[in-house]
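Spelled out from the first residue to the last, the chains are:
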Amino acid sequence: MAAEEGTKEKPWKLKTPPGTSEFEAYKDASANPPALVVQVGSTQLRYHLRCIEDLHAMLKAHGEWMPLGSADEQKPAADGTVEAWGRSTKNPVGGWYGLKKGLRGRFGMYVPPVLKKLGLADVEANPRNNRMKAT
């Protein structure tokens, strides 16, 4: 039996929204808390697994294109972006979706391609200033 895609054994092979870098991602439901694991070279980032459903719900409520605004944890996120929402005390987890201190940012870079792969969102693939919206 073939392994299900989006698992540690068979991760999704994705590209960042500008299409310039490749990375892998998979769901780890056995982690505490359950995590979306993103592997970028030797760096591993982890986000609350619920970010997939929560981001999709927020985008559906938003109803239009939203800028991604990716930024490292140490840099501020631009207001009104997916990145800012991924850190906001007003999101469903009350703060950072990122789970590893020092690597909690880049939500707007690595989570949108997962939603696109799952058919939950459209994500632009321009060199800069990409946006997404729920499908």
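For the structure itself, look to the data block above.
Attention in this report is confined to the structure presented alongside it. Model, not experiment: these values are computed from the prediction.

The helix and strand inventory of the protein chain stands at 3 helices and 7 strands. Secondary structure elements of the protein chain, listed N to C terminal, follow the sequence β-β-β-β-α-β-α-α-β-β. Relative to a compact globule of 135 residues, whose C-alpha radius of gyration would be 14 Å, the protein chain shows 14 Å and is just as compact. The C-alpha extent of the protein chain, read off along each of the three principal axes, is 45 × 30 × 25 Å. Buried positions account for 44% of the 135 residues belonging to the protein chain. Counted over contacts in the protein chain with a minimum sequence separation of 6, partners at least 24 positions apart contribute 48%. With the model as given, the accessible surface of the protein chain reaches about 7400 Å², and the carbon-plus-sulfur share is 49%. In the protein chain, 20 positive and 15 negative side-chain charges are present, and the distance between their average locations comes to 3 Å.

We now examine the nonpolar core. Inside soluble globular proteins, nonpolar side chains tend to come together where they are buried. Leu 36, Tyr 47, Leu 55, Phe 107 and Met 132 are the most contacted members of the largest nonpolar core, which totals 29 residues. No other element matches helix α3 (residues 107–117), which puts 6 residues into this core. Other than its neighbours up to four places away in sequence, Leu 55 contacts Val 82, Trp 85, Phe 107, Val 111, Leu 115 and Met 132.

What follows concerns helix α1 (residues 51–62). In this model α1 runs 16 Å from its N-terminal to its C-terminal C-alpha over 12 residues, within 8% of the 16 Å that 1.5 Å per residue would give. Those residues of α1 not exposed but buried are Cys 51, Ile 52, Asp 54, Leu 55, His 56, Met 58 and Leu 59. Phi for Gly 63, located one or two positions after α1, is positive at around 80°.

The next point concerns the packing of aromatic side chains. A complete count under the given rule lists 5 aromatic pairs for this structure. One aromatic cluster is present, built from ring pairs that chain together Tyr 47, Trp 85, Tyr 97 and Phe 107.

The computed volume of the largest pocket comes to approximately 250 Å³. Per-class residue counts for the lining of the largest pocket are 5 nonpolar, 5 polar and 2 charged.

Think of a sheet as strands paired side by side through backbone hydrogen bonds, with each pair either parallel or antiparallel. Pairing is antiparallel across the open sheet formed by 3 strands, whose spatial order is β5-β7-β6. At either end of the open sheet lies a strand with only one pairing partner, and these are β5 (66–67) and β6 (121–123). Bridge analysis of β6 against strand β7 (residues 131–134) gives 3 bridges, and the strand direction is antiparallel. Bridge assignment links Ala 121 to a residue of β7, and that residue is Ala 134. Here α3 sits on the sheet in contact with β6 and β7, set at roughly 125° to β6.

As a further point, take the packing of α1 against α3. Taken N-terminus to C-terminus, the directions of α1 and α3 make an angle of 85°; their axes are 10 Å apart at the nearest point. Comparing the axis directions of α1 and α3 gives the class roughly perpendicular. Where α1 approaches α3, its residues Cys 51, Ile 52, Leu 55, His 56 and Leu 59 are matched on the opposing element by Phe 107, Val 111, Val 114 and Leu 115. Here the contact of α1 with α3 is built from residues that sort into 8 nonpolar, 1 polar and no charged.

The rules behind these values
- Residues numbered from 1 in each chain as written.
- Predicted model: local features only at pLDDT ≥ 70, side-chain atom pairs only at ≥ 80, totals over all residues.
- Heavy atoms only, no water.
- Helix = DSSP H or I, 4+ residues; strand = E, 2+ residues; numbered from the N terminus.
- Rg over C-alpha atoms; globule rule 2.2 N^0.38 Å.
- Buried < 20%, exposed > 50% of the residue type's maximum accessible area, 1.4 Å probe, protein only.
- Contact = heavy atoms within 4.5 Å.
- Areas by Shrake-Rupley, 256 points an atom, 1.4 Å probe, with all protein chains shown as cover.
- Lys, Arg positive; Asp, Glu negative; His and termini not counted.
- Charge placed at Lys NZ, Arg CZ, Asp CG, Glu CD.
- Core = buried A, V, L, I, M, F, W, Y, C linked by side-chain atoms within 4.5 Å.
- Expected span 1.5 Å × (residues − 1).
- Phe/Tyr/Trp six-rings, centres within 6.5 Å; stacked < 30°, edge-to-face > 60°.
- 1 Å grid on protein atoms, 1.4 Å probe; cavity = no way out; pocket = protein on both sides within 12 Å on 5 of 7 lines; lining within 4 Å.
- Points joined across faces, edges and corners; volume = space filled by probe spheres on them.
- Nonpolar A, V, L, I, M, F, W, Y, C, P; charged D, E, K, R; others polar.
- Pairing = 2+ DSSP bridges.
- Axes fitted to C-alpha atoms, helices over the stretch in contact; angles between N-to-C directions.
- Parallel < 35°, antiparallel > 145°, perpendicular 65-115°, else oblique.

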